[in-house]
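# Close look at the chain arrangement
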Amino acid sequence: MLEQIKVLKYYLYYKYFLRMGSRRRLKKWQERKIQRHLVFVGKKSKIYRGKKDLKEYPIVNKQFMMTNFDRLNTVGIRKKEAEAFAVRAERDRNFVPKLRKITVGLSSGTSGKRGIFLVSDKERVRWAGYILARFLPGSILGKYSIAFFMRADSNLYQSLGSRRIQFHFFDIYRKMEEHQERLIQAKPDILVGQPSVLLMLADEMKRKHFSIIPKVVISIAEVLERGDEERLKAAFQVEVIHQVYQCTEGCLATTCRCGTLHLNEDIVHIEREYLDEYRFVPIVTDFERRAQPIIRYRLNDILIERKNPCSCGSPCLALEKIEGREDDVFFFEGKKGKERVVFPDFIRRCILFAENENGESASDYRVVQESDRTIVVYEDLTEEGKERVRQEFEKLAEETELILPKIAFQPYKQEPGRKMKRVERKFQTEEKA
Ligand SMILES: [Zn+2]
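From a predicted model like this one, the values you see are computed outputs, not experimental measurements.

Reading the values: rules and limits
Residues numbered from 1 in each chain as written. Predicted model: local features only at pLDDT ≥ 70, side-chain atom pairs only at ≥ 80, totals over all residues. Domains from an automatic or database assignment. Contact = placed C-beta atoms within 7 Å. Pairing = 2+ DSSP bridges. Helix = DSSP H or I, 4+ residues; strand = E, 2+ residues; numbered from the N terminus. Axes fitted to C-alpha atoms, helices over the stretch in contact; angles between N-to-C directions. Core = buried A, V, L, I, M, F, W, Y, C linked by C-beta atoms within 7 Å. Buried ≥ 20, exposed ≤ 12 C-beta atoms within 10 Å, placed from the backbone. Expected span 1.5 Å × (residues − 1). Arc of directions from axis to C-beta.

## Here's the deal with the domain arrangement of the protein
By the assigned domains, the protein splits into domain 1 (2–326) and domain 2 (329–425). Distance between the C-alpha centres of domain 1 and domain 2: 30 Å. Facing the 18 residues of domain 1 at the interface are 13 residues of domain 2.

What follows is the structure, given as structure tokens:
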């Protein structure tokens, strides 16, 4: 019960109390928060001892975090014990136990390297309060049912639950039909899951003629493509598909009431490493995470800034979209010998333009680059459809001066339980190898 009061406290704080006003005020407030946080980190984290100014901190990545795990965290947990603990929880599919009051989790990560994260009880209830403040469709005193489709349950998510807020976890490793009955009974007001799972659920509803009527649908863990967004809006009859862009390293962005993604600059500070005028790689400093400090952590995601401000009036930076992983940028041989970089969005457009030509609605597809000379398109296409896709890639090759790669076609397939990526590069470039 005590815990729920704490969640409520954070809920009220983020929903009603914290008002940033202008961007300038937000930046000023952030600076003070960071400064105070670094005083703590500089004292308690062995690896950062004595560091006071953010610029003194190195830019780090997952490997740094894992290699220096023991000296980095401030709660005295060793990597070995954390790992053993998390693996056991995952194997037993029992995510309730904590290690000395700390929630320990594994992150698979799309790059394949496993990460371990530590979250204290205080951080956990803060997160719950924040998320509820963002997404509850009414007062926190109302009754809600939340259906969560996840790969692993966690203490983290259980803190969202209370007597009024019913929390239902659905294991995405199980078949969709096994969930049907429980899902219907749960009557979720809020439905949360990765886009591929939500799409599967939408198909299942159509096929089996059952329906759920959530007020809020939240997409997590994968890039939400525009086409999929439209399909989900239609299937669940909602005006906005909300998004939480969250990773082990923090809750980085959430959608506002207009459906625009904004950086959560009220809990994280984000430096931008620009790739072109609007695209950037975020470098994250979470000024609320104390157990496992996240300071100047460079993600390998690409975000796109919005050109026009959002009409909701939030001072937090508005995003056009999450483009994808930096690892999924395609590399082709250029006509003039130089390597050409193609961002995932351009690949997506080839598929979408080919579809629109014929007025067909968006269907499932994946494009995988197998080498600098081959790409495979997984999509159920007619011969005509394939030809149109080929033409779009020809146009792209022309415009960006690259040598047209060999394009192979395969029927669409998606492995359940795995993160879906519409655009994916599967070979290492020389520079990255
Ligand atoms: Zn907005």
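## Focus on the sheet that holds strand β17 (residues 365–371)
Backbone-to-backbone hydrogen bonds join strands into a sheet, with any given pair of strands oriented parallel or antiparallel. The sheet built from four strands is open, its strands ordered β19-β18-β17-β20 with mixed pairing. The sheet is open, and its two borders are formed by β19 (406–410) and β20 (423–425), each paired with just one other strand. Ignoring strand direction, the axes of neighbouring strands in this sheet form an average angle of 20°. Pairing of β17 with strand β18 (residues 374–379) involves six bridges; the strand directions are antiparallel. Looking across to β18, one finds that S371 is bridged to T374.

## Observations regarding the nonpolar core
Among the nonpolar cores identified, the biggest contains 57 residues, and A147, V192 and V217 are the most heavily contacted of them. With seven residues, the top contributor of residues to this core is helix α6 (residues 121–135). Filtering out sequence-adjacent residues up to four positions away, V192 remains in contact with I146, A147, F148, F149, I218 and I220. By size, the runner-up hydrophobic cluster in this structure holds 18 residues, among which are V329, V377, F393 and V423.

## Here's the deal with helix α1 (residues 2–17)
Over its 16 residues, α1 runs 21 Å from end to end, which matches the ideal 22 Å to within 8%, given 1.5 Å per residue. Regarding α1, the residues found buried are V7, Y10 and Y11. Burial along α1 is one-sided: seen end-on, the buried residues are contained in an arc of 105°. Facing away from the buried surface of α1 by more than 90 degrees, the exposed residues are L2, I5, Y16 and F17. Residues of α1 that are buried make contact with α6.

## Some remarks on helix α2 (residues 23–44)
Over its 22 residues, α2 runs 31 Å from end to end, which matches the ideal 32 Å to within 8%, given 1.5 Å per residue. Turning to α2, its buried residues number three or more, namely H37, L38 and V41. Across the axial projection of α2, the buried residues extend over an arc of 110°, all falling on one side. Facing away from the buried side of α2 by over 90 degrees, the exposed positions are R24, R25, K28, R32, R36, V39 and K43.

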